[in-house]
Amino acid sequence: MKRPTISPLHRAVTLLAGTLACAGVHAREQAATAMPQTAAPSNAQLASPDIERRVDALLRQMTLEEKIGQLVQYNDQGFSAPTTANGDQALAANPETQTRVDAMALAKQGRLGSMLNVIGADKTRAFQEAAMHSRLHIPILFGADVIHGYRTIYPVPLGLAASWDTALVQDLSHMAATEATTAGVKWFYSPMVDISRDARWGRSTEGAGEDAYLGAAMARAYVRGYQGTDLSRPDSVAASVKHFAAYGAAEAGREYNTTDMSDIRLRQVYLPPYRAAVEAGAATLMSSFNALNGVPATANPYLMDEILRKEWGFDGFVVSDYTAVMELTHHGIALDAATATKKALEAGVEVDMMSHFYDTQIPKLLAEHRLSTATVDEAVRRVLRVKFALGLFEHPYAQGTEVTHAVPGHRALVRRAAEESFVLLRNAAVGGKAVLPLGDGVKSVALIGPLADAANEMQGAWGGGNQAPDVVTLQQALERRMRERGGRVLFAHGTDIEGDSTAGFDEALQAARQADVVVLALGESSAMSGEAGSRAHLDLPGNQQQLLEKVAAIGKPVVLLVFSGRPLVLDWAARHVPAIMAVWFPGTEAGNALANVLFGDVAPSGKLPMSFPRAVGQEPLYYNQFPTGRPAGDADLSRPPGGDTRFVSRYIDVPNDALFPFGHGLGYTSFAYSSVSVSRRTLPLAQANRPDARSLVTVTATLTNTGKRAGTEVAQLYLRNLGASVEQPVRSLKGFQRVTLKPGESRQVRFELGFPELSFYDVHSRQVVEPTHYTVWVGGSSQATAQAAFDVTP
Ligand code: BGC
């Protein structure tokens, strides 16, 4: 399939003509089709006529080699022949890879368009100087995996999503951009917006969890934070939204595995965050490693041409994931490097990250007339467009003083982010009083566990390149805090994260016996999630569970802090440990944030972005499931089946629901929801079934702080749609807001529902509203009960 070579301006005219031509013929179909078949450019800056003129002028001067240079990407090591077993296959497919690529030599010749993970202003400057002295002075675009902070690290994205605080995410993203641009990085391989409904998938840690609506909100926030309103500002970076698409649905949660799904599921569940990011103006995307319905995403014209470019109007460029073009040979859809190159480029991957295929194969493909010059030009055009929009030609070098360590002035923000990311899963009373926050009577704390003083681990996946010495650990913060209170900390490592040694158990038990309260810092290492971090077991690794059980048996009040990049199975803990808090990987200010929350200076307010299962066998587990013909109804699924509780959709050995469901999270006060109402009981279809329709129904509810402390609640709106032509989830999140209330205070929360919230995809992949019955719930989790209803009438 050929790629379109139309410029945005030409396209606007073509679209208009196309729309008019269709109007008569498909009048009926158009009426039923709410989704426009084409879209306006998604980023006005990239569609600028001025930029287009500059791109045209430059393109005319470029040699083929210079053009191809814009389409390849290497790191500062360049490229050496692969040595692994897979590498042998790559060699077979591309014998040219036996030649090492020298990135600096390419830069000097103006044949290196972009580079990845070149860290440090000196390094980026050296490569940039080389490029700027080349014939056409085209600057290199430096990209890096700045996923949750550059030097000042905030929580892993899954933790950040638990804050449900999009303004915070935007501020943090901007903060990261201000740091990284001082080192010459102008492009982040972030946000990762893959929906993950399977906790086995390690990359769950990099995204916003299981829900499309929350995921889309987070995606927008990241893009706005990175790119600002003007890509050319010195502290703006281009986002690279990844991994396009549906990578999070990897079968069985196994990394790099295939995905296969209906178009409805793709569009309704997996695509919304990518689309939101594109509509927010994302300048670039990264194609994913997985195949989708049999077609590898890196050679998938349906995803990159039909949907991304034609439907969403994307004007930026797509970069492949690391060696993903080469991996098309492993997928078996290309027997040689040339075919892989042709398929990826024609499908819409403009930049080849590290495969060394585009530079070796494009000349051959052109010479053999298997690829058109127009396709190459269009790819180069898209890359140059982003470079011009970024102002790289005017300001190719890093600006300002280079940030090489956590920035003191940024600590308050990342500390708040960590505090907001913690999710208090359980907080039972011991001796008539909830264990958290720790009260004045607590004079000694036994701090036990391998994550209590693990600076490096606090940075999470993709945080490892940053400075562990800048991190405040829990042990450091707690010791300072207890000293100030005239108390003490009894610290014991207890056990390693992995391994089976029990050598540290006695010391830990001894500490627990002597203390008023035990704080256990258990969980995963940061390397157990992130890329290539899939797990088939979701329990506490090593012998941490054993340690937990022994400590709990002593009978002291226990607070379990769970560090992880994903939901874990905490079934035993939920039955035996009074206080449990999911704290993810909190970043540079980990210890201070934890101490603030443990002692109640700050109340936890996070809500789960992903369901915590009771057992691994429930995965993939998510709240917005489709109904079944045999719903379990009110049956008690904690009991073995019998009589009429057997032939329903259930497991015989574990309940269906999550141990801790999506949206769940406690604070130090309590909230009540009442008076849920809708602004209208009926809504005519003609009014609702229009893509631009907003604020069709207003849902209000009264939220009251019924406890004794001030607190922040994330009020959530869920919706169910019954009677549609296609079955709809049992409920779906369609609104949320963070509300802070004093004790006894009430506030009305309002949610507006429009076409985006009421619509769904029908069997023809059209986004539509049909005359159906809607139920709305407003509450503090996906198990909200206060409800109201309305109908869309024919
Ligand atoms: C990962 C991407 C990352 C890229 C560059 C790949 O292995 O999948 O998420 O951006 O490497 O480091």
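Visitor: Go over empty space enclosed by the protein, please, and point to the residues and values.
Guide: Under the criterion given, the structure shown has three cavities of 30 Å³ or more. In this structure, the largest cavity occupies an estimated 100 Å³ of space. As for the largest cavity, its lining consists of 14 residues, and the residues nearest its centre are Lys186, Pro234, His395, Tyr397 and Gln399. Computed from the structure, the second largest cavity encloses a volume of approximately 70 Å³. Pro157, Pro191, Met192, Val193, Glu206, Gly207, Ala208, Gly215, Met218, Ala219 and Tyr222 are the residues that line the second largest cavity. The element that contributes the greatest number of residues to the lining of the second largest cavity is helix 10 (residues 212-227), accounting for four residues.

Visitor: So what's going on with the sheet that holds strand 21 (residues 697-705)? Residues and values would help.
Guide: Pairing is antiparallel across the open sheet formed by three strands, whose spatial order is 19-21-24. The strands lining the two open edges of the sheet, one partner per strand, are strand 19 (671-678) and strand 24 (746-753). Looking at each pair of strands side by side, their axes are set apart by 20° on average, direction ignored. Pairing of strand 21 with strand 24, which is carried by eight bridges, proceeds in the antiparallel orientation. Bridge pairing in strand 24 links valine 697 to leucine 753.

Visitor: Which residues make up the site of the ligand, and what values go with them?
Guide: Near the ligand you find 13 residues, and of these Asp145, Arg203, His243, Asp321 and Glu531 are the closest. At 2.8 Å, a side-chain N or O of lysine 242 approaches an oxygen atom of the ligand. A distance of 2.8 Å is found between an oxygen atom of the ligand and a side-chain nitrogen or oxygen belonging to glutamate 531. When the free accessible area of the ligand is taken as 310 Å², the share hidden by the protein chains comes to 94%. Looking at side-chain class alone, the shell around the ligand contains six nonpolar, two polar and five charged residues.

Visitor: Residues and numbers for the sheet that holds strand 27 (residues 773-779), please.
Guide: A sheet is described by the order of its strands in space; here five strands give the open sequence 20-28-27-22-23, paired in mixed fashion. This sheet does not close on itself; its edge strands, each paired only once, are strand 20 (682-684) and strand 23 (732-741). The sheet shows a mean angle of 20° between the axes of neighbouring strands, taken without regard to direction.

Visitor: How would you summarise the nonpolar core if you had to cite specific residues and measurements?
Guide: Side chains of a nonpolar character, in soluble globular proteins, are inclined to be buried together. In this structure, Phe188, Phe244, Leu266, Tyr358, Ile362 and Leu384 are the most contacted members of the largest nonpolar core, which totals 133 residues. Setting aside anything within four residues of it in sequence, one finds leucine 384 in contact with Val55, Leu58, Met62, Gln70, Ile138 and Phe393.

Visitor: Please provide a residue-by-residue account of the packing of aromatic side chains, values included.
Guide: Following the criterion strictly, the structure yields 17 aromatic pairs and no others. Centroid distance phenylalanine 188 to tyrosine 226: 5.0 Å. Interplanar angle 80°. Geometry classified as edge-to-face. Here tyrosine 226 lies in helix 10 and phenylalanine 188 lies in strand 4 (residues 187-188), a separation of 38 residues in the sequence. Of the residues examined, tyrosine 226 reaches a relative accessible area of 0% and is grouped as buried. Feature note: the residues Trp164, Tyr213, Tyr623, Phe662, Tyr718 and Phe736 constitute an aromatic cluster, connected by ring pairs.

Visitor: So what's going on with the layout of surface pockets? Residues and values would help.
Guide: Taken as a whole, the second largest pocket holds about 970 Å³ of empty space. Lining the second largest pocket are 28 residues, and of these Tyr623, Gln625, Asn656, Asp657 and Val730 lie nearest its centre.

Visitor: Break down the pairing of strand 14 (residues 444-448) for me, with residues and values.
Guide: The element strand 14 is extensively covered by neighbouring structure, given that five of its five residues are classed as buried. By the bridge criterion, five bridges tie strand 14 to strand 15 (residues 488-492) in an arrangement that is parallel. Bridging across to strand 15, isoleucine 448 finds its partner in alanine 492. One ladder, built from four bridges, connects strand 14 with strand 16 (residues 517-523); its direction is parallel. Looking at strand 16, one finds that leucine 447 is bridged to valine 519.

Visitor: Kindly report on helix 17 (residues 373-389), identifying the contributing residues and their values.
Guide: Taking 1.5 Å of rise per residue, the 17 residues of helix 17 would be expected to cover 24 Å, and the 24 Å separating its terminal C-alpha atoms lies within 8% of that figure. Of all 17 residues in helix 17, 14 are buried, a share of seventy percent or more. Phi turns positive, to about 75°, at glycine 391, one or two residues after helix 17.

Conventions we followed
- Residues numbered from 1 in each chain as written.
- Predicted model: local features only at pLDDT ≥ 70, side-chain atom pairs only at ≥ 80, totals over all residues.
- Heavy atoms only, no water.
- 1 Å grid on protein atoms, 1.4 Å probe; cavity = no way out; pocket = protein on both sides within 12 Å on 5 of 7 lines; lining within 4 Å.
- Points joined across faces, edges and corners; volume = space filled by probe spheres on them.
- Helix = DSSP H or I, 4+ residues; strand = E, 2+ residues; numbered from the N terminus.
- Pairing = 2+ DSSP bridges.
- Axes fitted to C-alpha atoms, helices over the stretch in contact; angles between N-to-C directions.
- Near = heavy atom within 4 Å.
- Polar contact = N/O pair within 3.5 Å; in protein donor to acceptor, adjacent residues only side chain to side chain.
- Areas by Shrake-Rupley, 256 points an atom, 1.4 Å probe, with all protein chains shown as cover.
- Nonpolar A, V, L, I, M, F, W, Y, C, P; charged D, E, K, R; others polar.
- Core = buried A, V, L, I, M, F, W, Y, C linked by side-chain atoms within 4.5 Å.
- Buried < 20%, exposed > 50% of the residue type's maximum accessible area, 1.4 Å probe, protein only.
- Contact = heavy atoms within 4.5 Å.
- Phe/Tyr/Trp six-rings, centres within 6.5 Å; stacked < 30°, edge-to-face > 60°.
- Expected span 1.5 Å × (residues − 1).

All quantities given are derived from atomic positions and should not be read as evidence of function.
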